[in-house]
Structures are given as structure tokens and as C-alpha cells.
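Structure at a glance
Take a look at the letters that make up each chain.
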Amino acid sequence: MYVSDKVKNMPAYIFSELDRKKQVLKEKGIDVIDLGIGAPDLPTPSYINDALVREAKNPDNHRYSNYNGCIEFRLAVANFYKEKYDVDLDPETEILALIGSKEGIVHLIQAVINEGDKVLIPNPGYPVYRMGVHLAAGESVDLLLDKENGYKPQFHLLTESQLQHAKLLLLNYPSNPTAATIELDTFVQTISFAKQHHLIAAHDSAYNLVTFDNYQSPSILQVPNAKEYAVEIGSLSKSFNMTGWRIGYIVGNKTVIQSLATLKSNLDSSQFLPIQKAAAVALRSDLQSIVENNAIIKARMEKLYAALVSMGMHCEKPRGTIFLWAKVPAGFTSLSFVNKLMDEAGVIVTPGTAFGTVGEGYIRFSLSVTEGRIDEVIKRLSQLEFSREILS
Ligand SMILES: *Cc1c(COP(=O)(O)O)cnc(C)c1O
């Protein structure tokens, strides 16, 4: 049968390889604890489910949505940006509903670059960026993040030739996989770099609300005049535990939004209206469910963080996301340590190299299991040789 070169030559998706190994362990009857999954385990808050059920019963909602997403959803996004970031958005021209942000990111790349154009992608970063550039027949250029300095983008390392024909720059904070967070000054620098090099800056804000204590994650659109150069992609998946619902949005620069809207109007007909309307209810809520959720994630993080540090592993304490990003002990690579944890402890984590070369020497723990299971992880890890050596 025919398979396109594009599909045949997709960069290998490391998670499917890990899934296969996990399956093998399970078949052996091992109680596998999977900290490799990058998705929340907690349920969608019930007030959102109730809104879905209510809206699903209204036959008006069984028709096609407006291509850009229904006005209720776009107004709710506008209201959210005003309340949360004091950013004004025109729901007609500066907001577009997405069928999850992953869809939006991949199509955004196709909407703004031509074949052979370059896209600057964070290394380490979410693997979908590289895939998306591949699917658009573009060229990925690694924007190296500074592991010694909070994984901030190192724009100064990009060469003239790397920047030639570059059209788009992608960033993501709070970050998957590193859990790094930033302040607005990083976005100020990003916008000025985008302006200087005629780039679109696209910020993936998937974890914008998954933050701890008093930390507030900024929006790139808070930078003055950001809309001239930037878009921000948002998602309800992580903040409201709605991964399966497939609902997100992109906001910011009109021209960029219009090109994505044109592309998408030929591909899909937006998301099911009851999902959009329930998502609007979520965005207009007092966000109390998020506060409660974040407290649960933070308790898991604190527990695992304290244990890893006491085993002598190095990691920064995160201010957000559902991840802990830790350095592997001396003598290991990302992959050799992942394999050790899998084979000797039945614990699955993700090798940092799944996210780019800068991830070598690191692993990502996902905090998507209960505290009880985290206790079990800690117990198993503390019995491994590397931690016994350090503890003795
Ligand atoms: C999970 C994730 C997404 C995808 O979210 P969806 O809206 O569910 O598609 C996008 N970006 C990052 C960094 C993520 O971790």
C-alpha cells in the first residue's frame, strides 16, 4: 500500500516505544507505575460536565459551529484575558477556537510557513513542534534553552544563517518538559527579538493556570504591542482536566489568526458546540476548581521533590506544571536511567532526550498519580543502588 514520504519519515515518537516496553512489563505481571504520561489523572470538575449535558440536550447545539468557534466561547476567552491578564482581545478577529491546542499548533505552522522556511523551536520542548514543522515541510532550528539559567531562550546563540528564512518562533512556559517558569521580561525580550528578525512569536500556554503558591504565569500578550508579532495558544486540557474534550484557542495577531482560520475552515468545522459552551462556562468560572487541583498537584510534587533531593538527585522545585524535571545520577544517560527505573523498580518516566538534545542527562516525572502511588515510587527508588550509595 501507499504511504506518503511525509508519514514514512516522521521523526520517531518516543512515547509509543515506551508504551511497548510498559506493555511487556505488565504482561509479566509487574505492578507498573507510569509517571511517563503527560496528562492529568483527575476528573473534569462537575460544573463543567453539567454544562456539557445541559448544552448537549439543546438541538440548536447539534448543528455546525461557526468556523471560528461560537461567539459564547470567543467572548469567554476575551473575558478571561481581560480578567486574568488585563489584555483586550477582539472576539471577531483576534480569537479562534481550536480542537485542542495540539491541532492548533500543527495547523498554525502550516498556515504561516512555506516549504523550506525555518521555525525556531525550543530544545528541550514539546515534541509536537518538531513534528508540526516536519508536516509543513519546514526546517526546525533548535532554539537552545539555558539549563543553567531556568531554561530561558538563548536567542543570542542563533546564527545569521539559522535565522535566514525563519518565520516563526515557538515557546512554552510553564514548560513541558522542564517545568521552567518565567517572568514577563523573557517575553519582552522575545517580542523584541521577533520584531528585529521579522518573526511571528507563538507562545504555547498549555500550563498557564497550573501554578503553585503565588506564582502567576504571564501572557506574552501583556508585552506592549505584542499583538503586532505574537499569538498565544491556550488549552483547557491541563487546567480543567479536559484532555479528552479537545478544546483550546489561539489569540493575538489578526493576520496570523485569519490565515489559520482560512486553513482550518477547509479542514474542520470547529468543535462540537456543547463542548465549546461548557468550556466557556469553565473560563468564566471563579477558577476555584483550579486552585483545588493545583493544591493536589503541588502536594504530590513536594513529596516527590523532597524524596528525590534526599536521594541526592538534583532538581529545581517547580512553580507550575504537572512535571518534575530531574538530573540523572552520575554515570547514567537519560535512557540508561529510564531503563534502570523501568527494569528494577517498575517505574516509568520519560527520558529528557525525548524532548531534544538539551534534555540529555535529565528525566521527566509526571505527577499524574495519587500521593499513595508516589509513596510507592519513593519506596522503590530508595531501594535502588544509586540511592543507597548516596544515602549510606
Ligand atoms: C498537553 C500539551 C499540549 C496539548 O494540549 P491539547 O490542548 O490537549 O492539545 C500543548 N502543549 C504542551 C506543551 C502540552 O504539554
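Check the entry above for the structure.
An account of the accompanying structure is given in this report.

Cut-off values and rules
- Residues numbered from 1 in each chain as written.
- Predicted model: local features only at pLDDT ≥ 70, side-chain atom pairs only at ≥ 80, totals over all residues.
- Heavy atoms only, no water.
- Pairing = 2+ DSSP bridges.
- Helix = DSSP H or I, 4+ residues; strand = E, 2+ residues; numbered from the N terminus.
- Contact = heavy atoms within 4.5 Å.
- Axes fitted to C-alpha atoms, helices over the stretch in contact; angles between N-to-C directions.
- Near = heavy atom within 4 Å.
- Polar contact = N/O pair within 3.5 Å; in protein donor to acceptor, adjacent residues only side chain to side chain.
- Areas by Shrake-Rupley, 256 points an atom, 1.4 Å probe, with all protein chains shown as cover.
- Nonpolar A, V, L, I, M, F, W, Y, C, P; charged D, E, K, R; others polar.
- Expected span 1.5 Å × (residues − 1).
- Buried < 20%, exposed > 50% of the residue type's maximum accessible area, 1.4 Å probe, protein only.

**Points about the sheet that holds strand E10 (residues 323–327)**
Ordered in space as E10-E13-E12, the three strands form an open sheet in which the pairing is antiparallel. Here the strands that pair on one side only, and so sit at the sheet edges, are E10 and strand E12 (350–351). Along the sheet, helix H11 (residues 288–310) makes contact with E10 and strand E13 (362–366), crossing E10 at roughly 10°.

**Brief notes about the site of the ligand**
Lining the immediate environment of the ligand, one finds 13 residues, of which Asp 204, Tyr 207, Ser 235, Ser 237 and Lys 238 sit closest. Taking Asp 204, its side chain carries an N or O atom lying 2.6 Å from a nitrogen atom of the ligand. Between an oxygen atom of the ligand and a side-chain N or O atom of Arg 246, the distance comes to 2.7 Å. When the ligand is considered free in solution it has 390 Å² of accessible area, and contact with the protein chains removes 95% of it. Residues of the shell around the ligand, tallied by class, amount to three nonpolar, six polar and four charged.

**Thoughts on the sheet that holds strand E2 (residues 95–98)**
By definition, the strands of a sheet pair up through backbone hydrogen bonds, in either a parallel or an antiparallel sense. Taken together, eight strands build an open sheet; the order of strands is E2-E9-E8-E7-E6-E3-E4-E5 and the sheet is mixed. Each edge of the open sheet carries a strand with a single partner, namely E2 and strand E5 (152–153). This element, helix H4 (residues 71–85), spans E2, strand E8 (230–235) and strand E9 (248–252) of the sheet and lies at about 60° to E9. Sheet strands touched by helix H5 (residues 101–112): E2, strand E3 (118–123), strand E6 (166–172), strand E7 (200–204), E8 and E9. Its angle to E8, the strand with the most contacts, is close to 155°.

**Observations regarding H11**
Its 23 residues place the ends of H11 33 Å apart at the C-alpha level, agreeing with the 33 Å of an ideal helix rising 1.5 Å per residue. All of the buried residues along H11 are Ser 289, Ile 290, Asn 293, Asn 294, Ile 297, Arg 300, Met 301, Leu 304, Tyr 305, Ala 307 and Leu 308. The secondary structure elements touched by the buried residues of H11 are helix H3 (46–56), E10, E13 and helix H13 (371–382). Phi turns positive one or two residues past the end of H11, at Gly 312, with a value near 90°.

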